[in-house]
Amino acid sequence: MNTGVRGRVAEFRDQYWERGEPGRETPQALAQPLYRLWLVGLLLKLIGSSWDVAWHFKWLRDELAPPHMINTVGTVIVVGLTLFHTFTGYGADRIALRLMQWGTGVFLVALPIDLINHRVNGLDITSWSGSHALLYLGTGIMLAGAIRGWLRFYPRGRAGTLGLAALWMFFLENTWFPNQHQEYGVIALGAWDAGKPEAEPILLQFAADQIGRPVDRTAVLNFALPIADWVYPLWGLVSTGVVLVLARRTIGRRWAATAVAGGYVAYRCLIWPVLMGVDFPTSAVPLFLVLVGVCVDLAHTASLPALSAGVLGAAAVTGIGYGGIWVQQQWVEAPPILYPSAAVTFAVLAACWVGVDLWTRRRVAAVS
């Protein structure tokens, strides 16, 4: 068996491991496994990051925690793929390669910055810190490179469409990720109020000590929901709307945005009982995102001009988004939000939607 593996590795090295310029002709026999490996690496990063949020609402930070190790394995795969693309020129044109390189570089630089931040500032559980933002930024840039490379080099067909949708789902998860702090936080506060805190006493004490208070509801509130109430809907709906518009345009299939949003929600629904089963905190799942995807698809199905699609689509997403959050607050669970922020959300989303839609209408045909 080992001989067979060594033989295949040697054959692969002899056939493909040679210096080349970006954008060189890439055989399907190489492009397919390369980008499937991208999916594996990104999936491991997704699983690790999902567990990591739950971990930080239960235990004190630990650099060698299992979710960090899973994330690290995924990162190693992505870094290895970026190095392969860089050296051989296979599977990535110049723009895709630069995005992969810059994204990986920003992510790797952000890792030690994040470690230093935690050493200096302590727990820093919020997902909205500067060092965490660099991690999301790096991941987003490398994902943009992988998506462009997939469009350029992965064979067309059903598998290609599904893989592209998966990449956009990873992109959506990366942009939505900071909002998970509020989604876990609202559950954590509710558990405290019910007299059944999910966090370990050492974590609650640490969080209380950071603000010089005893372990009480004020300390738990500062730990669980320190973010302004307008952030959750504004960031979530604007970023999701933009990502789904891009996904709809690049995938080019009916209900593509709904599928991407539904895929992310389905993943959150699947990971929820898994985390609960191993005694980790759970979160409020943003079920309303499926309806946001429907709004984006309907705006494109109507074949409206970019301006009309952006304004009407942004109005629909804002209304459905805020309404969906309210419904979840009444019947399931959702973070608190500031409803008057809907006006700003609509204005920002409409402007971003129109700009992105105009850009993609010009670019998608060239990339495809």
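The preceding data block contains the structure.
Model, not experiment: these values are computed from the prediction.

K.L.:
What is the right way to read the overall build of the protein chain from this model?
P.N.:
A tally of regular secondary structure across the protein chain gives 14 helices and zero strands. When its helices and strands are written in sequence order, the protein chain yields α-α-α-α-α-α-α-α-α-α-α-α-α-α. Overall, the C-alpha framework of the protein chain stretches about 65 × 55 × 35 Å when taken along its three principal axes. In the protein chain, which comprises 368 residues, the proportion classed as buried is 52%. Taking all contacts inside the protein chain whose residues are at least 6 apart in sequence as the whole, residues at least 24 apart take part in 78%. A total accessible area of about 16600 Å² is found for the protein chain, and carbon and sulfur atoms account for 68% of it. If you average the places of the 27 positive and of the 23 negative side-chain charges in the protein chain, the two averages end up 12 Å apart.

K.L.:
Looking at this structure, I do not really get the packing of helix H7 (residues 180-193) against helix H9 (residues 217-224). What am I missing?
P.N.:
Helix-helix packing is described using two parameters, namely the angle between the two axes and the distance between the axes. Contact geometry of H7 with H9 gives a least axis separation of 8 Å together with a crossing angle of 165°. Overall, the two elements H7 and H9 adopt an arrangement that is roughly antiparallel. Helix-helix and strand crossings are classified by hand; for H7 and H9 the assignment is right-handed. Taking contact as the criterion, the partners of His-181, Gly-185, Ala-188, Leu-189, Trp-192 and Asp-193 in H7 are, on H9, Arg-217, Val-220, Leu-221, Phe-223 and Ala-224. Here the residues of the contact of H7 with H9 are counted per class, giving seven nonpolar, two polar and two charged.

K.L.:
For this particular structure, what's the right way to read empty space enclosed by the protein?
P.N.:
Regions of empty space are outlined by a rolling probe, equal in size to a water molecule, passed over the atoms. This structure, assessed with the given rule, holds three cavities of 30 Å³ or more. For the largest cavity, the calculated volume is near 60 Å³. Phe-57, Ala-188, Trp-192, Pro-197, Glu-198, Ala-199, Leu-204, Val-220 and Phe-223 together form the lining of the largest cavity. The set of elements that each furnish at least two residues to the lining of the largest cavity consists of H7 and H9.

K.L.:
Would you mind showing me how to read the nonpolar core here?
P.N.:
One broad trend across soluble globular proteins is that nonpolar side chains are buried collectively. Residues Tyr-35, Leu-167, Trp-168 and Val-260 are the most contacted members of the largest nonpolar core, which totals 95 residues. For Tyr-35, the contacting residues outside a window of four places in its chain are His-85, Gly-91, Ala-92, Met-100, Ala-146, Gly-149, Trp-150, Phe-153 and Tyr-154.

K.L.:
What am I meant to see in the packing of helix H2 (residues 28-56) against helix H3 (residues 66-88) here?
P.N.:
It is the contact of H2 with H3, at a shortest axis distance of 7 Å, that shows an interaxial angle of 155°. Between H2 and H3, the angle is such that the two are roughly antiparallel. When you trace H2 past H3, the crossing you get is left-handed.

K.L.:
I would appreciate a short explanation of unusual backbone geometry in the present structure.
P.N.:
The residue Trp-255 is not glycine, and still its phi comes out positive at about 65°. Positionally, Trp-255 belongs in the loop between helix H10 (231-251) and helix H11 (256-277). Non-glycine residue Asp-279 carries a positive phi angle of around 65°. Mapped onto the elements of the fold, Asp-279 is located in the loop between H11 and helix H12 (289-301). For Asp-279, a relative accessible area of 54% corresponds to the exposed category.

K.L.:
Which parts of the structure should I look at to understand a nonpolar patch on the surface?
P.N.:
There is a patch of nonpolar side chains on the surface, built from Leu-287, Trp-326, Val-327, Trp-331, Val-332 and Tyr-339 and spanning about 660 Å² of accessible area. Position of Trp-326 relative to the elements: it lies in helix H13 (residues 306-331). The partly exposed category is assigned to Trp-326, whose relative accessible area is 43%.

K.L.:
Quick question: what am I supposed to make of the pattern of salt bridges here?
P.N.:
Opposite charge on two side chains permits pairing when their charged atoms draw close. Scanning the model with the defined rule gives 11 salt bridges in all. With its nearest N and O atoms 2.9 Å apart, the salt bridge here joins Asp-93 to Arg-148. Of the two residues, Asp-93 sits in the loop between H3 and helix H4 (94-121) while Arg-148 sits in helix H5 (residues 130-153), which places them 55 residues apart along the sequence. Residue classification places Asp-93 among the buried residues on the basis of a relative accessible area of 12%. Salt bridges sharing partners connect three or more residues here, namely Lys-58, Glu-200 and Asp-279.

Basis of the calculations
- Residues numbered from 1 in each chain as written.
- Predicted model: local features only at pLDDT ≥ 70, side-chain atom pairs only at ≥ 80, totals over all residues.
- Heavy atoms only, no water.
- Helix = DSSP H or I, 4+ residues; strand = E, 2+ residues; numbered from the N terminus.
- Buried < 20%, exposed > 50% of the residue type's maximum accessible area, 1.4 Å probe, protein only.
- Contact = heavy atoms within 4.5 Å.
- Areas by Shrake-Rupley, 256 points an atom, 1.4 Å probe, with all protein chains shown as cover.
- Lys, Arg positive; Asp, Glu negative; His and termini not counted.
- Charge placed at Lys NZ, Arg CZ, Asp CG, Glu CD.
- Axes fitted to C-alpha atoms, helices over the stretch in contact; angles between N-to-C directions.
- Parallel < 35°, antiparallel > 145°, perpendicular 65-115°, else oblique.
- Left-handed = near helix turned anticlockwise from the far one by under 90°.
- Nonpolar A, V, L, I, M, F, W, Y, C, P; charged D, E, K, R; others polar.
- 1 Å grid on protein atoms, 1.4 Å probe; cavity = no way out; pocket = protein on both sides within 12 Å on 5 of 7 lines; lining within 4 Å.
- Points joined across faces, edges and corners; volume = space filled by probe spheres on them.
- Core = buried A, V, L, I, M, F, W, Y, C linked by side-chain atoms within 4.5 Å.
- Patch = residues over 30% accessible without salt bridge, like charges linked within 9 Å, V, L, I, M, F, W, Y side chains within 5 Å.
- Salt bridge = Lys/Arg side-chain N within 4 Å of Asp/Glu carboxyl O.

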